[in-house]
Amino acid sequence: MSVMAAGRYRPGLLHLAAGIDLPGSFDAGAYLELALLAERGGLDFVTLDDPLGRPGPDALDVLCRVAPATRRIGLVPTVPAARAEPVRVRDAVVTLDWVSGGRAGWRGDVSGKQGEAEEGESLRGCCVRVVDATERHGRAVAARCADVALVRVSRPQEAAVVRAELRELAAESGRAPDALRVLVSLLIDLGDGEYAAEPGSGGGGPRPTVRGPLYRGGPVDLAELVAGWHADGAADGFHLVPVEPRRDLERLVNGTVGLLQHRGLFRTFYPGSTLRDHLGLARSARQYVMTGGTPDGAPEGRSASCKSGLNFYG
């Protein structure tokens, strides 16, 4: 029985996720601190990008360390298939899902890499698949095999058009459009106080930057933006990436999330234990039951490394 059929998911509630990237930091405790803060706010999941040649730890390895110390928050690393054999990446992500009790996702690069798109399909129904659908070439992949589509846009009208297109493409692919969650992805800078006066920021909406759409303002204005876009059907929720992780995530959780909860737009507790539960997605028959066994390809022991022998540091 699906989560929705069981009455545990309330359609219409926002979905919120956050990035916990700390460029250049190898401090596992710092990533755990951010994940626990996001969990305290009831966020659906956190994402962590792969350094891809830049200084920093491997995203999958970090979240494998975070998993045993958290209870509900979803964990979504960026794991480019080019970093290792696709089958080993799949096994590592499945093991993260096992270690976390069904809270793992996988975010791959679909910019012309058919291998990663196919690998995403092999994980479909098990780990939650997150795809950047900002560019047109990513939308077909997202519509066909993603559970969550991220869209980087600056205006609600743009978001609504892309969301409608994704739902239509999903239907054409034989999927139920409601099985795909579309989240607007924004950089957030909450260092400007409660409200923002600068035109084009805060209440005026995000502005384009080379890194993507940026909201600069305060937690109150951000809550107004999120609520307004969601009410207009522009998105199912938001993926928010802090410019200054510790400061901005704390203000997001203590300010913006609290206001949205007060309005009844966001959960005050986790109704389920898996990332699929948080997103209101049906649990697949492919997702193993946590009864003490291990998934295929997973190492024995809950504390075992998710890497199954992969070494991304060397």
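Residues numbered from 1 in each chain as written. Predicted model: local features only at pLDDT ≥ 70, side-chain atom pairs only at ≥ 80, totals over all residues. Heavy atoms only, no water.

Asks: Account for the overall build of the protein, with residues named and values stated.
Replies: Secondary structure assignment for the protein yields 9 helices and 9 strands. For the protein, with 314 residues in total, the buried portion stands at 56%. Intrachain contacts of the protein at a sequence separation of at least 6 include 73% that bridge at least 24 residues. Just so you have it, the protein exposes about 13,000 Å², and 51% of that area is on carbon and sulfur atoms. (Helix = DSSP H or I, 4+ residues; strand = E, 2+ residues; numbered from the N terminus. Buried < 20%, exposed > 50% of the residue type's maximum accessible area, 1.4 Å probe, protein only. Contact = heavy atoms within 4.5 Å. Areas by Shrake-Rupley, 256 points an atom, 1.4 Å probe, with all protein chains shown as cover.)

Asks: I'd love a proper account of the pairing of strand 6 (residues 148-151), names of residues and values included.
Replies: The side chains of a regular strand alternate, residue by residue, between the two faces of the sheet. A two-sided burial pattern is seen for strand 6, the buried positions comprising Val148 and Leu150 on one face and Ala149 and Val151 on the other. As paired strands, strand 5 (residues 128-132) and strand 6 are joined by 3 bridges and run parallel to one another. Within strand 6, the position partnered with Val131 by the bridge is Ala149. Handedness of the β-α-β unit built from strand 5, helix 5 (residues 136-145) and strand 6 comes out right-handed. Pairing of strand 6 with strand 7 (residues 181-189), which is carried by 4 bridges, proceeds in the parallel orientation. Among the inter-strand pairings, Ala149 is bridged to a residue of strand 7, identified as Val182. Of the crossover connections in this fold, the one passing from strand 6 over helix 6 (residues 156-172) to the parallel strand 7 is right-handed. (Pairing = 2+ DSSP bridges. Right-handed = clockwise from strand over helix to strand, strands pointing away.)

Asks: Tell me about the packing of helix 1 (residues 28-40) against helix 8 (residues 245-262), and please be specific about residues and values.
Replies: Where helix 1 contacts helix 8, the axes come no closer than 9 Å and their chain directions differ by 15 degrees. Judged by the angle between their axes, helix 1 and helix 8 are roughly parallel. Read as a crossing pair, helix 1 and helix 8 show a hand that is left-handed. From helix 1, Ala30, Glu33, Leu34, Leu37, Ala38 and Arg40 reach across to helix 8, where they touch Pro245, Arg246, Leu249, Glu250, Val253 and Asn254. Residues that form the contact of helix 1 with helix 8 fall into these classes: 7 nonpolar, 1 polar and 4 charged. (Axes fitted to C-alpha atoms, helices over the stretch in contact; angles between N-to-C directions. Parallel < 35°, antiparallel > 145°, perpendicular 65-115°, else oblique. Left-handed = near helix turned anticlockwise from the far one by under 90°. Nonpolar A, V, L, I, M, F, W, Y, C, P; charged D, E, K, R; others polar.)

Asks: Account for the confidence of the model for the protein, naming residues and giving values.
Replies: The predicted model of the protein averages 83 in pLDDT, with 75% of residues at 70 or higher. Confidence over residues 1-10 falls short of pLDDT 50; this stretch has 20 contacts with residues more than four positions distant or in other chains. Throughout residues 196-201 the model reports pLDDT below 50, and contacts reaching past four residues in sequence, or to other chains, amount to 11 contacts. (pLDDT = per-residue confidence, 0-100.)

Asks: For the pairing of strand 3 (residues 74-77), give the residues involved together with the corresponding values.
Replies: Residues Gly74 and Val76 line one face of strand 3 and the alternating positions Leu75 and Pro77 line the opposite face, and both faces are buried. Here 4 bridges tie strand 2 (residues 45-48) to strand 3, and the two strands are oriented parallel to one another. Considered in strand 3, the bridge of Phe45 is made with Gly74.

Asks: Before we move on, could you go through the packing of aromatic side chains and cite the residues and values that matter?
Replies: Inspection of every chain in the model, using the stated rule, returns 1 aromatic pair. Between Trp229 and Phe238, the aromatic rings sit 5.8 Å apart at their centres with planes inclined by 50 degrees, giving tilted as the arrangement. Across the pair, Phe238 and Trp229 agree in class, each one buried. (Phe/Tyr/Trp six-rings, centres within 6.5 Å; stacked < 30°, edge-to-face > 60°.)

Asks: Give me the lowdown on helix 7 (residues 219-231), citing residues and values where you can.
Replies: Here helix 7 is 13 residues long and its end C-alpha atoms lie 18 Å apart, about the 18 Å a rise of 1.5 Å per residue gives. With respect to burial, helix 7 is a largely interior element, 10 of its 13 residues being buried. Buried within helix 7 are the following residues: Pro219, Val220, Asp221, Leu222, Ala223, Leu225, Val226, Ala227, Trp229 and His230. Next to the buried residues of helix 7 lie strand 1 (15-19), helix 6, strand 7, strand 8 (214-216), strand 9 (237-242) and helix 8. Gly233 sits one or two positions beyond helix 7 and adopts a positive phi of about 75 degrees. (Expected span 1.5 Å × (residues − 1).)

Asks: Describe the pattern of salt bridges, naming the residues involved and giving the relevant values.
Replies: Enumeration over the complete set of coordinates arrives at 16 salt bridges. Between Arg247 and Glu244 there is a salt bridge, and its shortest N-O distance comes to 3.5 Å. (Salt bridge = Lys/Arg side-chain N within 4 Å of Asp/Glu carboxyl O.)

Asks: Give me the lowdown on the packing of helix 1 against helix 2 (residues 59-66), citing residues and values where you can.
Replies: At a minimum axis distance of 10 Å, the contact between helix 1 and helix 2 shows a crossing angle of 65 degrees. Here helix 1 is positioned roughly perpendicular relative to helix 2, judged by the angle of their axes. Between helix 1 and helix 2 the crossing geometry is right-handed. Between helix 1, through Ala28, Tyr31, Leu32 and Ala35, and helix 2, the contact on the second element is made entirely by Val62, Arg65 and Val66.

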